[in-house]
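Each chain, written out:
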Amino acid sequence: MSLPGSARRREIRLAYLLLSPALLLLLTVLAYPIGWELWTSLTDLSPLSDGPQAFVGFENYRRFLGDAEFWRAAAVTVVYAAVTSVAKLALGLGFALLLARPFRGRALVFLAIFLPWAYPAGVSVIGWYWTLNPPTRTAYAPFMGHLKYVVDGAFGGGAWAFVSVILFNIWRGSSFIGVLLLAGINAIPPELFECALLESKSAWRRFHLVTVPLLKPFLALGVFLSLTSAFADLANVWLLTAGRIVFPVIGTHAYWLVIKAGQYGPASALSLTLVPFLLVVLLVLFRLFDPWEENPA
Amino acid sequence: MAQVMMKDLNKKYDEVHAVKDVNLHIRDKEFVVLVGPSGCGKSTTLRMVAGLEEITAGEITIGDRIVNDLPPKDRDIAMVFQNYALYPHMTVYDNMAFGLKMRKFPKPEIAKRVGDAAEILGIQELLKRKPRQLSGGQRQRVAVGRAIVRHPQVFLFDEPLSNLDAKLRVQMRVELKRLHDRLETTAIYVTHDQVEAMTLGDRVVVMKDGWIQQVGEPLELYGKPANRFVAGFIGSPSMNFVEVTATETNGALWADTPGLRVKVPPALAGRLGAYKGQRVTLGIRPEDLRIASGNDAADYSFDTVVEVVEPLGSEILLDLKAGPNVIVARVDPTVRAKLHDKLRLGLHPERVHFFDNKTELAI
Amino acid sequence: MNPKPWWAKLGHGSLMLLATVYCVFPIYFMLVQSLKTPEEDVFGNPFIVMNPTLENFEELFERKSEVRGFVGDALRRSYPFLDWLANTLFIFVGSVAATLVIGVAAAYALGRLRPPGFRWWRRAIFAAYVIPQTLLFIPLYQVVITLGLDDSLLALLLIYPTMALPFCVWMLSAYFQHLPREIEEAALIEGASRATAFFRIILPMSRPVLVAAGIFTLGTVASDFMIASVFLLTPNNQTITAGLGTFDVALDELAAVAGVNLLAIPVVTISAVFARGYVRGLTAAMVEGA
């Protein structure tokens, strides 16, 4: 093997130089905090206790295993992530397929589908909250109140708030995934669809045998982004349930531990329980994307 | 206007030795074609001349400057790529003007040069369009236009016609040739198509596995291939190769194999004498075979059976079998041959080739 | 293709209608509320507005700090909405710009210069998404305080880009990687330096993908609530999002919804203008050799 030439060496140096701002930023804002959380999760750090921080090993993690609250939060998180992801994917795929062929007014429908994602979620979640849980004096409050009463009656107190979280997440996420998949469909050479049209008359078979496999990388990307946002979701749940957490997810549980109980150690451990799951999902994603990443000669 | 010299040029990647000891002297105003199968190192050689690939060892001179360490922009060259490499966000005019703008030419001069080039190439109407609005042939013209506006010392062409359909390719080939006659600029042209190489090149360089196989004028390569590879690569359909034994009968040398026995022409008998009793490869071009008539000496003809008939209009290709040996012959369209016909073929004694089985060099 | 039968057209049309209503209704609903007078809010039909008024919007700007002599008003907090607007604008523009500059640099390095192991670099950067960033605010706070950015907008400018960066780097580098290298080489031969080729050729021709990355960043940044509310404390330093989060539901509903819309209108307009470019850019990043 010969040494790379001087021009190539210069190129590599330039590459690292250009990468450095991004890496520096990610290290400061992500790597350090995650490292801190890792360490803290092995200690009993708390601003409320006087003594020095003590190393407790996996005590924090162990405690969760026997904690019914934790399992409840974990179950809710998984259900929340699964339900929203499946719904987003189904709706998003539907949107993308609807928009895949030209028709009159497509531009408008496309814009409509694009809106929920483009509408700033940081504030639209507030709008949702007030829409679904209106102040009692507004005209539609009785109707919403009735709905809340019915849902809470069926699933327990706080259910309506949680349903509104799910609805909001799906509403916004299906828009994002729809647009992403539309871009994916556009990236597929039309000949492949035409080929499929000759192969099979059944629209379902074509969808099943051609569209889905070709869209697989984009579906995987959509699922991953959807899962990460759902797993780490805190803001939406917190906001839409106005901090009255009846159905805690991992995120709100950890937040609660920090803010209300000052238990940094357990909270860190709790936050980190999510990471391995997401890593597994990510590895699957990379596998699915590999053919896409390979450089065509 | 300049000559290009390559001295002991080598290119090594991590695992691959792509170009090996290439020595080539391209004269001023000459049109030289590098030809060979894919992976033969021809494009790498061209890209080293362009400055797009680093030179592992050796030296390249353009004009009287050694350009090894010069960046591409300072080599005073222009290059046309297979995929045209037009700037998609610029109009045709801006595409062609880009190099001149980079070199800070005054505006009127740029307009004049682009106008001239557009006229030569017949693309005046397209100047305001964007590349995506053009057909393949038009894009190719723009790419050529972009190369000629700067009046560079050397043109480099990297398979410029490969993305065009067959008809357009022939047409553009003729135009490129005319353009070179008109501009008289040194040109290096890379292709895998031997017909392009033969029709365009003043000289043709045949490469394989990083080595130069032979350098010569087109007809020289055709008539006197230096080795078996060149012999098979140049010419279409390619040369027939039959492994034979050089035997001596009654003081004369014969090329002998089951189903085929022809006399070695006197001109070659001397050199082939050294191979007496050994296996060598006999090479005959399909166009050097004909249906034997009474005039053909029996010594230079052999019996065959027709296996496939391919009438092409201006000629007929016959796939024949002489014993176990498959032979292709290119014959007159008036020949009426049917499947399984028995034909006796004659050959031009002065147009047979023999190759050493080990070195593959011409004998 | 055969013309579709009437029932297929009808089915298609109603699906379109359904999708549109589903997507737009919540936004429409919020818009309608924000245009209502308090009277109509209480007594009117929730789905329409009979006497549209901009008074809720005006109120956002008017209510600086003076307290009007009336019990309800005394309860209402004062807030510097103009400051919020300016802060939000600054944060949005700044975050998108920072993300694009940093992202393009990294993506060019990975997709074009390809240092050894560039695929792993790209994966590592993308893997940042497995980190639940919203849960990291304690150590993040340490970082912010160490850098002296406590209660400063710059803290958001530090954090926001990292939320969009992994996706942007991934998308942009895939795009750069699949660009035919000959285009850049042609520019180098034509007399450009690497930098000139980048700024005159690569960057302009990548506009759709840059738009896509920009819109993605804007969407991500505009969707954050948590970071803004945790790190911005003083009202004068808050963004609209953080500020509205402090509103009291029962008292400020209409003004808050107006605030929501006021923020949404520019964001949605910009996104809508570039929506097609967004899809084109995503597609371009996904197609080999686009």
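Rules behind the numbers
Residues numbered from 1 in each chain as written. Chains lettered and ligands numbered in written order. Predicted model: local features only at pLDDT ≥ 70, side-chain atom pairs only at ≥ 80, totals over all residues. Heavy atoms only, no water. Contact = heavy atoms within 4.5 Å. Buried area = accessible area lost by both parts, 1.4 Å probe. Salt bridge = Lys/Arg side-chain N within 4 Å of Asp/Glu carboxyl O. Polar contact = N/O pair within 3.5 Å; in protein donor to acceptor, adjacent residues only side chain to side chain. Helix = DSSP H or I, 4+ residues; strand = E, 2+ residues; numbered from the N terminus. Nonpolar A, V, L, I, M, F, W, Y, C, P; charged D, E, K, R; others polar. Buried < 20%, exposed > 50% of the residue type's maximum accessible area, 1.4 Å probe, protein only. Pairing = 2+ DSSP bridges. Axes fitted to C-alpha atoms, helices over the stretch in contact; angles between N-to-C directions. Patch = residues over 30% accessible without salt bridge, like charges linked within 9 Å, V, L, I, M, F, W, Y side chains within 5 Å. Areas by Shrake-Rupley, 256 points an atom, 1.4 Å probe, with all protein chains shown as cover. Lys, Arg positive; Asp, Glu negative; His and termini not counted. Charge placed at Lys NZ, Arg CZ, Asp CG, Glu CD. Phe/Tyr/Trp six-rings, centres within 6.5 Å; stacked < 30°, edge-to-face > 60°.

Draft legend 1. Molecular detail of the interface of chain C and chain B. With 18 residues of chain C at the contact, the number on the chain B side is 24 residues. Carbon and sulfur atoms supply 65% of the area that chain C and chain B bury against each other, a total of about 1800 Å² over both sides. By the criterion of area lost to chain B, the three top residues of chain C are C:Ile189, C:Glu190 and C:Arg200, representing 40% of everything that side buries. At the junction of chain C and chain B, the tally comes to two salt bridges. A salt bridge links B:Arg47 to C:Glu185, with the shortest nitrogen-to-oxygen separation between them at 2.6 Å. The interface formed by chain C and chain B holds seven residue pairs in polar contact (both at pLDDT 80 or more) in total. Elements supplying a minimum of two residues to the side of chain C that touches chain B: helix H9 (181-190) and helix H10 (194-205) of chain C. With nine residues, the single largest contributor to the side of chain C that touches chain B is H9(C). Looking at the side of chain C that touches chain B, its residues break down into ten nonpolar, three polar and five charged.

Draft legend 2. Structural context of unusual backbone geometry. Cis geometry marks the peptide bond from B:Ser236 to B:Pro237; its omega dihedral reads -10°. Examined against the element boundaries, B:Pro237 turns out to sit in the loop between helix H8 (228-233) and strand S11 (240-249). Although it is not a glycine, B:Ala85 sits at a positive phi angle of roughly 50°. With respect to the helices, strands and loops of the structure, B:Ala85 is situated in the loop between strand S6 (77-80) and helix H2 (92-102). Its relative accessible area of 3% is what places B:Ala85 among the buried residues. Located in the positive-phi region is C:Asp151, a residue other than glycine, with phi close to 55°. Tracing the sequence through the fold places C:Asp151 in the loop between helix H7 (137-146) and helix H8 (153-178).

Draft legend 3. Layout of the sheet that holds strand S7 (residues 154-158) of chain B. Residues and elements named next belong to chain B. Ordered by their spatial adjacency, six strands build an open sheet running S6-S7-S8-S3-S9-S10, and the pairing between neighbours is mixed. At either margin of the open sheet sits one strand with a lone partner, and together these are S6 and strand S10 (211-216). Direction aside, neighbouring strands of the sheet carry axes that sit 15° apart on average. Pairing geometry for strand S9 (residues 203-208) and S10, over five bridges, is antiparallel. By the bridge assignment, Val204 is partnered in S10 with Gly216. Contacting S6 and S7, helix H4 (residues 136-148) crosses the sheet at an angle of about 175° to S6.

Draft legend 4. Region of the structure containing a positive patch on the surface. Together, B:Arg132, C:Arg207, C:Arg276 and C:Arg280 make up a positively charged patch on the protein surface. Assignment of secondary structure puts B:Arg132 in the loop between helix H3 (107-121) and H4. By relative accessible area, B:Arg132 is classed as exposed at 64%.

Draft legend 5. Geometry of the environment of C:Val32. By secondary structure assignment, the location of C:Val32 is in helix H1 (residues 6-34). With 226 residues separating them along the chain, C:Val32 and C:Ala258 place their C-alpha atoms 9.5 Å apart.

Draft legend 6. Representation of the pairing of strand S13 (residues 260-263) of chain B. All names here are of chain B. Residues Leu260 and Val262 point to one face of S13 and are all buried, whereas Arg261 and Lys263, pointing to the other face, are not buried. Examined bridge by bridge, strand S12 (residues 252-257) and S13 share four bridges and lie antiparallel to one another. Residue pairing across strands places Asp256 opposite Arg261, the latter belonging to S13. From the end of S12 to the start of S13, which pair antiparallel, there are two residues, and Gly259 there has a positive phi angle of about 90°.

Draft legend 7. Region of interest: the pairing of S12(B). Residue and element names in this part refer to chain B. The element S12 is largely enclosed, with a buried count of five among its six residues. Both S11 and S12 contribute to a ladder of five bridges, which runs antiparallel. Bridge pairing links Ala246 to Ala255 in S12.

Draft legend 8. Highlighting the interface of chain A and chain C. At the junction of the two partners, chain A supplies 97 residues and chain C supplies 99 residues. Buried surface at the junction of chain A and chain C, summed over both partners, amounts to about 9100 Å²; 78% is from carbon and sulfur atoms. Counting across the chain A and chain C interface gives one salt bridge. In this structure, A:Glu11 engages C:Arg194 in a salt bridge whose closest nitrogen and oxygen atoms are separated by 2.6 Å. Where chain A packs against chain C, one counts eleven residue pairs in polar contact (both at pLDDT 80 or more). The element that contributes the greatest number of residues to the side of chain A that touches chain C is helix H1 (residues 6-40) of chain A, accounting for 21 residues. Looking at side-chain class alone, the side of chain A that touches chain C contains 75 nonpolar, 13 polar and nine charged residues.

Draft legend 9. Main features of the packing of aromatic side chains. All names here are of chain A. Taken as a whole and assessed by the stated rule, the structure comprises 30 aromatic pairs over all chains. A ring pair is formed by Phe70 and Trp71, whose centres lie 5.0 Å apart and whose planes are at 70°; its orientation type is edge-to-face. Since its relative accessible area comes to 7%, Phe70 is described here as buried. By relative accessible area, Trp71 is classed as partly exposed at 44%.

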